[in-house]
Structure formats: structure tokens, C-alpha cells
Amino acid sequence: MRASCFTRPVLFATVLIAATAWAQQPASLKQAYQGDFYVGAAMNAAEITGQDQRSDAIILEQFNSISPENALKWAIVNPEPGQYNWGLADQYVAFGVEHHMWIVGHNLVWHNQVPAWVFRGKDGKLLTRDALLARMKEHIFLEVGRYKGKIQSWDVVNEALNDDGTLRHSLWYRIIGPDYIAKAFQYAHEADPKAQLTYNDYNLTNPEKLAGVIRLVKQLKAEGVTIDCVGMQNHDHLDSPTAAEEDAAIRAIAVTGVKVAISELDINVLPWPGTGNTAEVSMHMASSPKWNPWPNGLPRDVQQKLTDQYAALFRVFYKDRADISRVTFWGVTNAQSWLNNWPIPGRTNYPLLLDREGKPVPAFAAILNVPGEAR
Ligand code: G3I
């Protein structure tokens, strides 16, 4: 009896401390960064259609922005001349509107996932500059116009730069010329003057490519073209970029007068056959067990490196929050990440914050705690 009288205040104090700590721990990613930037996730078809209810619940609990992993790309919405499949795109936008999300449109002009017919006439020959510009304008007006006032932010041009900062010689470039980028932004601005317009690319911590994107933004601005934001995709690795590299790139972009979106964040943990933080979709390699070392779970030391890299990046994002409009993860759980199939098919990768059962991995708590560390 005496013992319990003695322990009651101690117990009370312990409960109070635990309750205070619990109250201080934000309940979700969106709450942790409320007022700083949106925290988003890319949705796949199963999530958009409601087939994957478990992931949908996570999206609603954790995120206040969404991106369409594939649903709004040209090849999906307009695969053949005159054939439009708006079903999935409409469902995606309706989900975002219903749940008051910051809705991203991805993407309008890209060299990939665009049907071959777009660049050719009925005779099979490549279009003239004027004909391709007219086709681009029609596409942008149709898609941006359809979701005017609902999609708040568009990735207007995607991956137009080579790693050395020069313009990629895509069919857009070869047929229209370098001003296809300015034209795409002009058309998007005409179609929805209030939408945030973004140029989106990967590996922007590479100094040459960073210099290229800065040249591009300055040139567009000098020509009076509306560009509001640069999307840094951040398809990253455990050791790259460093926090200093990430910070330097965000700041260098922001001083040109645009916002930065961390637009497709994930961290590859598997052995990497290439160099640099590329997301070059044309890269492919044959599968072999040596490239898939952890099919049954991530070793503890690698998990720790993943936590450390995520925490380091989010400390930078939090520090630079005045310049950042959103941080979007490229997927919800590890089960559905594109990194299980690229650049080598059939691997077991661990790039996101939720495991294959939808449970948070240790990096999740580390990210939740970053704003608290700074206070
Ligand atoms: O729709 C077909 C389906 O009918 C078919 O049965 C199946 C068989 O493989 O393929 C399906 O298409 C796949 C499509 O995703 C939809 O799931 C393609 O093969 C596959 O290549 C495609 O991959 C997408 C990739 O872009 C293509 O470029 C990834 O899901 C998507 O995450 C990825 O996203 C890109 C961003 O848009 C731009 N930045 C890089 C990022 C990662 O590559």
C-alpha cells in the first residue's frame, strides 16, 4: 500500500511526460509540415479507382497533395488520333477535389509516353513545325481546359534537358526548335492563367544540369513567359545527393524567382548499375540475383542509411521551406514503386516511407520529427 502511494506520483509524471511527447509528435506528414509546404504522393490506377483502399486510406491520412503517376500522360488520355480516355484522369481529379488536395497535373509535353502518331501526318511523314505546334496547343488547351480551376499545378514540360545542361534532341526539339518549351508554357498559361506552371526534371543537383535549368528559367523569364516553379524530381540514392548539394541546388533555382517543387521523391537502396541520379527511362538491364540482394527484407544497416538520408534531405527541405511549394513522394508503398522494375525488372526495392504491408518504415518517424528538432 505504502509502495503504491509512493509510486502513484511517479506513475502520473511518467504518463504526463509520455502524453506530452505524444501530443507533440505530429499525427501525420501533412500536419508536420502544415504551413511549410504540401506533402504529396503519386497515385497509380488502383488507388485512383479505389481498388487499393489500403493505400487510399494512407493518402487521406498523410498527404495533402496528389500527382498522377501515369493517368494524365498523353499516351493514356489520347492514345490514338481522336480517341480520348478521360475516365481515369477525371477520377483522379475528382478524388483531389473531394478531399481538398493540392492537385498536380503530370505532364503535358514529354518525349516519353507520347504516342508516335503525335509527330506524324496521315502520310506517315514527320509534321512541319506549325502543324506540331498546332497539335501541342490543341492537347494543352483540351487537357488544361478540362481541369481549369481544379488542377492547381501543371508539369508543363518534362525532362527537356540532357545531363550536360544542353537541350535534349527529342522530336519536339527537332521539329519545332528550342522554343517549343516557351510555346508550351504560353499555351498552358493561356488555357489556365491561374495555374502554377512547372518545368520538371531529374538529377538537378548535377552542376551542369543545374546550370542548364537556370539558363532555361532565366531565358523564359527574359522573354516574358510565365514559369512559376521548377520540379526537382529527386530520384535519389543513399549517398547522393548530399544535403549540401541538395541545398545548393534549391537555393540556386529559387534565386531565379521561381518556387521549387520536390516532385518525385524516392531513394533507391539497391546496387546501382549506372552513375548519377538519373531517371532516364530508356535505361534497361537484364535481371540477375546479384542485382537483387534483399528479396526478403532490408538489412538493418541499410535501413539506417535510408533513415539518415531521408532525415538529411528533409532537414534541408525544412530549412528552405520558404522556397518550396511541395514535397511529393513517387508512390505510396514500396510494393508499387516503379523502382522495383527499373532499370532492372523484378527487383525488391525499399525506396518509400511505407513498407509492402503499408506500415511506416523508420524513416517515416525521422521525417515527422524534423520540424520539432528545429524548434
Ligand atoms: O499500361 C500498361 C499495361 O497495359 C501493361 O499491361 C503493362 C505491362 O508492363 O504496362 C503498362 O504500362 C506501364 C505504365 O507504367 C503504367 O503502369 C509501362 O509498361 C511502364 O513503363 C510505365 O512506367 C512508368 C514510367 O514513368 C514510364 O515512363 C512508371 O509507372 C512511372 O512511375 C514513371 O514515372 C516517371 C515520371 O512520369 C517522370 N519522371 C520519371 C518517373 C520515373 O520513371
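Preceding this paragraph is the structure being described.
Conventions we followed
- Residues numbered from 1 in each chain as written.
- Predicted model: local features only at pLDDT ≥ 70, side-chain atom pairs only at ≥ 80, totals over all residues.
- Heavy atoms only, no water.
- 1 Å grid on protein atoms, 1.4 Å probe; cavity = no way out; pocket = protein on both sides within 12 Å on 5 of 7 lines; lining within 4 Å.
- Points joined across faces, edges and corners; volume = space filled by probe spheres on them.
- Nonpolar A, V, L, I, M, F, W, Y, C, P; charged D, E, K, R; others polar.
- Near = heavy atom within 4 Å.
- Polar contact = N/O pair within 3.5 Å; in protein donor to acceptor, adjacent residues only side chain to side chain.
- Areas by Shrake-Rupley, 256 points an atom, 1.4 Å probe, with all protein chains shown as cover.
- Phe/Tyr/Trp six-rings, centres within 6.5 Å; stacked < 30°, edge-to-face > 60°.
- Helix = DSSP H or I, 4+ residues; strand = E, 2+ residues; numbered from the N terminus.
- Buried < 20%, exposed > 50% of the residue type's maximum accessible area, 1.4 Å probe, protein only.
- Contact = heavy atoms within 4.5 Å.
- Salt bridge = Lys/Arg side-chain N within 4 Å of Asp/Glu carboxyl O.

## Here's the deal with empty space enclosed by the protein
Counted under the stated rule, the structure contains 3 cavities of 30 Å³ or more. In terms of lining residues, the largest cavity is bounded by 13 residues, among which N203, L204, T205, N234 and D236 are the most central. Classifying every residue of the lining of the largest cavity gives 4 nonpolar, 6 polar and 3 charged.

## Looking at the site of the ligand
Taken together, 15 residues surround the ligand, and among them E69, K73, H106, N112 and E264 come closest. One nitrogen or oxygen atom from the side chain of Q233 is found 3.1 Å from a nitrogen atom belonging to the ligand. Side-chain polar atom of W330 to an oxygen atom of the ligand: 3.0 Å apart, as the coordinates give it. In the complex, 51% of the free accessible area of the ligand, which totals 790 Å², lies under the protein chains.

## Considering the packing of aromatic side chains
Evaluated as defined, the whole model comprises 14 aromatic pairs. Between the aromatic rings of W86 and Y147, the centroid separation amounts to 6.2 Å while the plane-to-plane angle is 75°, which identifies the pairing as edge-to-face. One end of the pair, W86, is in the loop between helix 5 (74-77) and helix 6 (87-98); the other, Y147, is in the loop between helix 7 (129-146) and strand 4 (153-158), with 61 residues separating them in the sequence. Exposure remark for Y147: the relative accessible area of 3% places this residue in the buried category. When the ring of F119 is compared with that of W172, the centres are 4.9 Å apart and the planes differ by 70°; the resulting orientation is edge-to-face. Placement of F119 in the loop between strand 3 (102-109) and helix 7 and of W172 in helix 8 (residues 171-176) is noted, with a sequence separation of 53 residues between them.

## Overview of the side chain of N292
Relative to the assigned elements, N292 resides in the loop between strand 8 (259-268) and helix 12 (300-319). When its relative accessible area of 17% is taken as the criterion, N292 is described as buried. Ignoring any residue separated from it by four or fewer positions in sequence, one finds N292 in contact with L270, G346, R347 and T348.

## As for the pattern of salt bridges
Pairing between side chains becomes possible if they bear opposite charge and their charged atoms approach one another. Per the counting criterion, the structure on display carries 10 salt bridges. Of the charged contacts in the structure, one is a salt bridge between K319 and D247, with a shortest N-O distance of 3.1 Å. Here the residue K319 occupies a position in helix 12, and D247 occupies one in helix 11 (residues 243-254), the gap between them amounting to 72 residues. Assessed through its relative accessible area of 48%, K319 is described here as partly exposed. Across the pair R251 and D320 runs a salt bridge, and its minimum N-O distance is 3.1 Å. Of this pair, R251 sits in helix 11 while D320 is found in the loop between helix 12 and strand 9 (324-329), placing the two residues 69 residues apart along the sequence.

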